[in-house]
Each structure stands twice: as C-alpha cells, then as structure tokens.
Amino acid sequence: MSAERLRVAMLTLYPRDPSRIAGGVRAVAYNLAQGLGRYPDLELHVAHCHGDIQRDETARAGDVTIHYLAPARRLRMLPNMTAGIGRLRRFLRELAPDVVHAHVAPFAVAAARYPTVYTIHGLAGEEARSYTSSLFDRLRYGLYAYYDRRALRQARELVAISQYVMDAYGGRTSARWQRIDNPLTDDFFQAGTLAPERTNLVLFAGSITEVKDLETLIAAIALVKQTMPAVQLHLAGRVTSAEYQERLLAQVRSLDLEGNVTFRGLLDRGELLQAYAECALVALPSRQENAPMAVIEAMAVGKPVAATRVGGVPELVREGETGHLVEPGDPEGLAEAMLDLLRAPERRVEMGQRAQALARERFALDAIAGRYRALYYRVAGREVP
C-alpha cells in the first residue's frame with residue numbers, strides 16, 4: 001500500500017492560460033499545483049469546471065493532469081460553479097480519488113462522498129454585502145452563501161488561510177481546522193530586479209469589482225494629486241462588470257484624473273511581475289478580504305502596502321512596519337497613508353525589505369505544498385512515505 005501513489009483530486013478554479021491568471025483562487029490553485037507536482041508519490045488531478053469551458057479537455061503540466069470540464073448544463077441566471085456540481089460528481093466517480101481538495105463551496109458540496117479537504121478562500125456572506133449595483137451579483141453571492149453553509153455542515157477537514165476565517169466560522173462547524181497560508185511561486189521573490197522603481201507610481205492588482213472599492217482609491221489619488229501632481233495609479237486586473245468600470249471611468253473624468261489613472265487590464269505573468277517591480281507601493285482599498293494574493297505578492301516583491309483594515313489583511317500588513325492600514329471607505333486616510341510612503345523612499349525600502357522577509361517565512365511554495373501533502377495523507381488514512 002505504501003508504494004501506491006496517493007490520488008488527489010483538486011476541485012478548484014484554475015487558469016485556462018497560466019500566463020494570464022485572473023483572481024486569487026486561480027492564482028493559489030496554480031501555485032499549489034506547481035508545488036504538489038514535485039512529489040512523485042502524488043498523482044494530482046486538477047479539475048476546473050466553469051462556463052468558460054465549452055467542451056471537456058485534458059492538459060498536462062509536468063506531472064500534473066488538468067481537467068477542463070464543461071458544466072453539466074448552462075444556467076444563465078445561476079453561477080457556473082453551481083451548474084458544475086453534477087459534472088464534478090461524475091468526474092469523481094470516474095477518477096475514484098483517495099482524497100479531494102476543494103477550493104470553492106459548491107465544489108466541496110460535490111465531493112460530499114469522499115475524504116475531503118476544503119480550503120475556505122472567502123466569506124461569501126460578507127462579500128455579498130459589497131455588491132449593490134448588480135442584481136445578478138447579489139443573486140450569485142446569495143446562492144454561493146447557501147452552498148457555503150452546506151459545505152460547512154458536511155466538512156470534516158477545513159483549511160483556513162487566515163485566523164480571520166477561523167474566528168468567523170469557528171462556531172458554525174465541528175470540523176477540524178488546519179491553518180495554512182497561501183503559497184507563492186519563487187518568481188515573485190525575484191521580481192524586484194526586473195525594472196527600476198517609479199517613485200510616483202501606485203499599483204492596484206486585482207479584479208475590477210465593487211468589493212475592491214476602487215472608487216475610494218480613485219478619490220484618494222485625487223487628494224494625493226493636490227500635493228503630488230505627477231502621481232500615477234495603475235489598475236491591473238480583469239473587468240467583471242462593464243457597468244462598474246464605466247462608473248470608475250466617469251469618476252476619473254469628473255476628478256480630472258485622465259492623466260493620472262491608467263486601466264491596464266488583465267496582465268500576463270511577465271507584465272504583472274514588472275508592474276510590481278516598477279511601483280513604489282501597492283494599494284488595496286477593499287471592503288472585504290480574506291488573505292489577498294495582491295498583498296502577498298507585493299510583500300514577496302518587496303513593496304509596502306497601503307490597505308484597508310478588513311478581514312485577514314491585518315494579519316499580513318503590519319502597521320508602520322510593512323505598510324499602513326486605514327479604515328474602509330476613507331479616501332482621506334488612504335491618501336495620507338499613500339503620501340507617507342511616497343514621500344519617504346528610504347523608509348519605503350525598509351518596509352519592503354521587512355515585508356519580503358516575512359513573505360519568505362510564511363508563503364514559500366515548498367513549505368506550503370509539504371503541509372498540504374501531509375494533510376492529504378492523514379485525511380486519506382495513509383502514512384506519509
């Protein structure tokens with residue numbers, strides 16, 4: 001038995017094009033697969049079931065098999081993840097894994113009959129409150145919250161990527177918890193040398209969505225401009241709502257910031273690494289977060305962060321040591337935090353160095369992958385070889 005490979009099914013959102021990753025869950029899944037793929041005793045199958053897949057396809061990335069699965073049926077008014085539950089159940093019956101690792105609630109529900117590890121990446125109920133302009137988004141997150149509750153009821157093994165999750169969900173489940181950080185690939189730790197720093201450049205990296213509260217960030221940049229007219233803000237990420245982006249563009253025009261704010265869209269990996277290298281700091285004005293990859297990536301590159309004091313962010317950003325924390329929805333406070341970093345290059349470098357050292361301690365890929373490997377064996381009832 002000990003000589004047999006452990007068959008692991010990772011049910012997650014996985015990038016269709018690994019050179020251009022949209023969203024934190026996809027980034028975590030990609031990074032983790034890179035680390036787990038180094039273990040010859042693991043037979044890793046990654047399953048991505050989403051409406052962006054028109055027909056089933058299988059790909060290989062080293063020793064990892066990636067299954068791109070078309071949802072069982074298309075439900076326009078419901079999330080693609082929900083439509084994929086039945087398809088994933090059939091996939092698991094055919095694969096017969098020793099253990100399943102689910103990264104989103106509907107996928108954890110699909111794995112109910114198997115030894116399962118469920119990593120919680122976000123608090124659906126909290127995120128739902130941030131979406132006010134789109135009926136579809138409100139329905140989507142409301143339904144996701146329903147599956148979140150179902151997943152918690154059936155779960156026996158949960159992974160928290162922040163203490164915040166454990167505190168928020170601890171009283172709602174009798175499952176056993178593991179506290180494991182998000183993993184990060186080595187290229188982020190090496191990215192700082194890719195380009196010289198632009199001392200007036202602020203970077204936002206993430207999806208262009210309401211939960212990120214980019215209106216507060218743009219308003220803060222307008223305040224910074226009063227003191228630093230040449231300040232630049234680059235917004236790098238996919239647009240999930242054309243309506244929301246138009247609101248932001250209208251705000252940019254109304255504040256006379258066309259020469260200061262640039263929407264760069266979803267960057268490929270090389271462009272993203274260079275964007276981190278070039279910026280003076282990273283800003284994250286979110287209303288709700290768990291353990292955002294944008295902060296973890298910024299830390300690894302050696303950049304200080306100006307972020308809101310929400311969710312698990314204070315577990316990543318140490319006030320006055322690796323960046324600044326402000327209250328959500330406070331453009332004046334965010335502007336002051338950014339100006340403090342922009343005006344003090346030596347302190348900014350020191351903060352970035354401390355952030356990078358912390359990132360090496362917490363998010364190194366080999367260490368995180370090793371912890372998940374040990375967890376898989378325990379959940380499967382087998383000894384680690």
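Structural data are supplied above this passage.
Bear in mind that the values here come from a model prediction, so they are computed numbers and not experimental data.

How each quantity is defined
- Residues numbered from 1 in each chain as written.
- Predicted model: local features only at pLDDT ≥ 70, side-chain atom pairs only at ≥ 80, totals over all residues.
- Heavy atoms only, no water.
- Pairing = 2+ DSSP bridges.
- Helix = DSSP H or I, 4+ residues; strand = E, 2+ residues; numbered from the N terminus.
- Axes fitted to C-alpha atoms, helices over the stretch in contact; angles between N-to-C directions.
- Contact = heavy atoms within 4.5 Å.
- Parallel < 35°, antiparallel > 145°, perpendicular 65-115°, else oblique.
- Left-handed = near helix turned anticlockwise from the far one by under 90°.
- Nonpolar A, V, L, I, M, F, W, Y, C, P; charged D, E, K, R; others polar.
- Buried < 20%, exposed > 50% of the residue type's maximum accessible area, 1.4 Å probe, protein only.
- Right-handed = clockwise from strand over helix to strand, strands pointing away.

Asker: For this particular structure, what's the right way to read the sheet that holds strand β11 (residues 261–265)?
Answerer: Think of a sheet as strands paired side by side through backbone hydrogen bonds, with each pair either parallel or antiparallel. Sheet architecture is open: six strands sit in the order β11-β10-β9-β12-β13-β14, paired in parallel fashion. Each edge of the open sheet is held by one strand with a lone partner, namely β11 and β14 (323–326). Sheet twist, expressed as the average angle between the axes of neighbouring strands with direction ignored, equals 20 degrees. For strand β9 (residues 201–205) and strand β12 (residues 281–284), the ladder comprises two bridges, and the chain directions are parallel. Bridging across to β12, Val202 finds its partner in Leu281. Contacts from helix α9 (residues 214–227) reach β9, β10 (232–236), β11 and β12 within the one sheet, and its direction differs from that of β10 by about 165 degrees.

Asker: What exactly am I supposed to notice about the packing of α9 against helix α10 (residues 242–254) here?
Answerer: When two helices pack together, their arrangement is given by the angle between the helix axes and by the axis-to-axis distance. Interhelical geometry of α9 versus α10 gives an angle of 15 degrees and a closest axis separation of 10 Å. Relative to α10, the element α9 is oriented roughly parallel. The handedness of the crossing between α9 and α10 is right-handed. Touching Leu214, Glu215, Ile218 and Ala219 of α9 are Tyr244, Arg247, Leu248, Gln251 and Val252, all from α10. Looking at the contact of α9 with α10 residue by residue, the classes come out as six nonpolar, one polar and two charged.

Asker: What should I look at first to understand the pairing of strand β1 (residues 6–12) in this one?
Answerer: Each regular strand displays side chains that alternate between the two surfaces of the sheet. By the criterion of burial, β1 is predominantly enclosed, with six of the seven residues buried. As judged from the seven bridges shared by β1 and strand β2 (residues 42–49), these two strands associate in the parallel manner. Note on β2: the bridge partner recorded for Leu6 is Leu42. Handedness of the crossover is the feature at issue here: the chain leaves β1, passes through helix α1 (residues 24–36), returns alongside β2, and the resulting connection is right-handed. Direction of pairing for β1 relative to strand β5 (residues 99–102): parallel, over a ladder of four bridges. For Val8, the partnering residue across the bridge sits in β5 and is Val99.

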